[in-house]
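Here is what each chain is made of, one letter per residue.
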Amino acid sequence: MEIVQDAGHAHNMNVEDILSSCTRWDHRIATDLIAEIEIHFADNVTTITEMRRILAVKGCHGLRQRIEKDVEGKNDVDALRAMAAAMRNFALERPGLAAATFRSEASDCAEWRQAGGELAQTALQVFAKTGIKGESAEQALRILRGLVRGLVMHETSASFFADPSEYQRTFDLGIELFINGLPALAATTLPQDANARL
């Protein structure tokens, strides 16, 4: 595979070169991204920046669809638990695409902002099922994203426990703490239009 950088310098790299210097989790991210690149982009992408943008949009769409599917038919905090689980599972199953959804200068474009906005609206609709709206919902989403990402990072680096089942238990407890804290969050924020950037 040839990767062409934005400055016009070409580097010939193969999958083994990329994967040889990776940690276990980096290896999973690289494998996920390489599969996306090989399957969907072939020779159509000419710059790394373009590739990042395409992957960021694809990641936003994939996560939004996963959340919509997993919360379907659920209400109130059951929908919120399902959304949190969808976020975690997407990050564990598709680590490259999940990482690509993070905002960066390289991914910022009209398509990414639209896809990110649709993802945010889906998440805010789930919060609305629990009665959390406006600024409270925006803050809650930021906190939930940080909680899920942080726990996934610890899980993928095996930094807490020897027994993998402990990560699920910690995640479940963290989500319950988050849900129980939502009334306090709602009491400390002022309701307003949910158009701020998430």
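Residues numbered from 1 in each chain as written. Predicted model: local features only at pLDDT ≥ 70, side-chain atom pairs only at ≥ 80, totals over all residues. Heavy atoms only, no water.

Colleague: Please give an account of the overall build of the chain that cites residues and values.
Modeller: Helix and strand counts for the chain come out as eight helices and two strands. Ordered by position from the N terminus, the helices and strands of the chain form the series β-β-α-α-α-α-α-α-α-α. When the 198 residues of the chain are sorted by exposure, 38% land in the buried category. Within the chain, contacts between residues separated by at least 24 positions form 69% of all contacts whose residues are at least 6 apart in sequence. (Helix = DSSP H or I, 4+ residues; strand = E, 2+ residues; numbered from the N terminus. Buried < 20%, exposed > 50% of the residue type's maximum accessible area, 1.4 Å probe, protein only. Contact = heavy atoms within 4.5 Å.)

Colleague: Go over the nonpolar core, please, and point to the residues and values.
Modeller: One finds I67, L80, M83, F127, L144, F178 and L182 to be the most contacted residues of the largest nonpolar core, which totals 43 residues. Looking at this core, the elements with two or more residues in it are α3 (48-71), α4 (76-93), α5 (95-100), α6 (110-129), α7 (134-156) and α8 (165-188). If you tally residues by element for this core, the top one is α4, at ten residues. Those residues in contact with I67 that sit more than four places away from it in its chain are M83, A86, M87, L119, T122 and V126. (Core = buried A, V, L, I, M, F, W, Y, C linked by side-chain atoms within 4.5 Å.)

Colleague: Quick one: what's the story with the side chain of E155, residue by residue and with numbers?
Modeller: The topology assignment puts E155 in helix α7. At 2.8 Å, the side chain of E155 forms a polar contact with the side chain of R88. The residues touching E155, leaving out its near neighbours within four places in the chain, are R88, L92 and Y167. (Polar contact = N/O pair within 3.5 Å; in protein donor to acceptor, adjacent residues only side chain to side chain.)

Colleague: Can you break down α3 residue by residue, with the values?
Modeller: Taking 1.5 Å per residue, 24 residues should reach 34 Å; α3 reaches 34 Å between its end C-alpha atoms and fits that length. One or two steps after α3, the chain reaches G73, where phi turns positive at roughly 80°. (Expected span 1.5 Å × (residues − 1).)

Colleague: Which residues make up the environment of L80, and what values do they have?
Modeller: As for its position among the elements, L80 is in helix α4. Judged by relative accessible area, L80 falls into the buried class, the value being 1%. Between the alpha carbons of L80 and I175 there is a distance of 8.9 Å; along the sequence they are 95 residues apart. Setting aside residues up to four positions removed in sequence, L80 forms contacts with V126, F127, T130, L144, F178, I179 and L182.

Colleague: For unusual backbone geometry, give the residues involved together with the corresponding values.
Modeller: Of note in the backbone geometry, D76 takes a positive phi value of approximately 55° without being a glycine. Within the secondary structure, D76 is located in helix α4.

Colleague: If you had to explain the packing of α4 against α6 to someone new, which residues and values would you point to?
Modeller: At a minimum axis distance of 7 Å, the contact between α4 and α6 shows a crossing angle of 150°. Regarding the angle of α4 to α6, the classification is roughly antiparallel. Here D76, A79, L80 and M83 of α4 come into contact with α6, specifically with A123, V126, F127 and K129. (Axes fitted to C-alpha atoms, helices over the stretch in contact; angles between N-to-C directions. Parallel < 35°, antiparallel > 145°, perpendicular 65-115°, else oblique.)

Colleague: I'd like to hear about the packing of aromatic side chains, residue by residue, with values.
Modeller: The tally for this structure, following the rule as stated, stands at one aromatic pair. The ring of F171 is capped by R88, whose NZ or CZ atom sits 5.1 Å from the centre of that ring. (Phe/Tyr/Trp six-rings, centres within 6.5 Å; stacked < 30°, edge-to-face > 60°. Lys NZ or Arg CZ within 6 Å of the ring centre and 35° of its normal.)

Colleague: With reference to specific residues and values, describe the packing of α4 against α8.
Modeller: Interhelical geometry of α4 versus α8 gives an angle of 135° and a closest axis separation of 11 Å. Between α4 and α8, the angle is such that the two are oblique. The element α4 and its partner α8 pack so that their crossing is right-handed. Together, V77, L80, R81, A84, A85 and R88 of α4 and Y167, Q168, F171, I175, E176, F178, I179 and L182 of α8 make up the contact between the two elements. Its residues placed into classes, the contact of α4 with α8 shows ten nonpolar, one polar and three charged. (Left-handed = near helix turned anticlockwise from the far one by under 90°. Nonpolar A, V, L, I, M, F, W, Y, C, P; charged D, E, K, R; others polar.)

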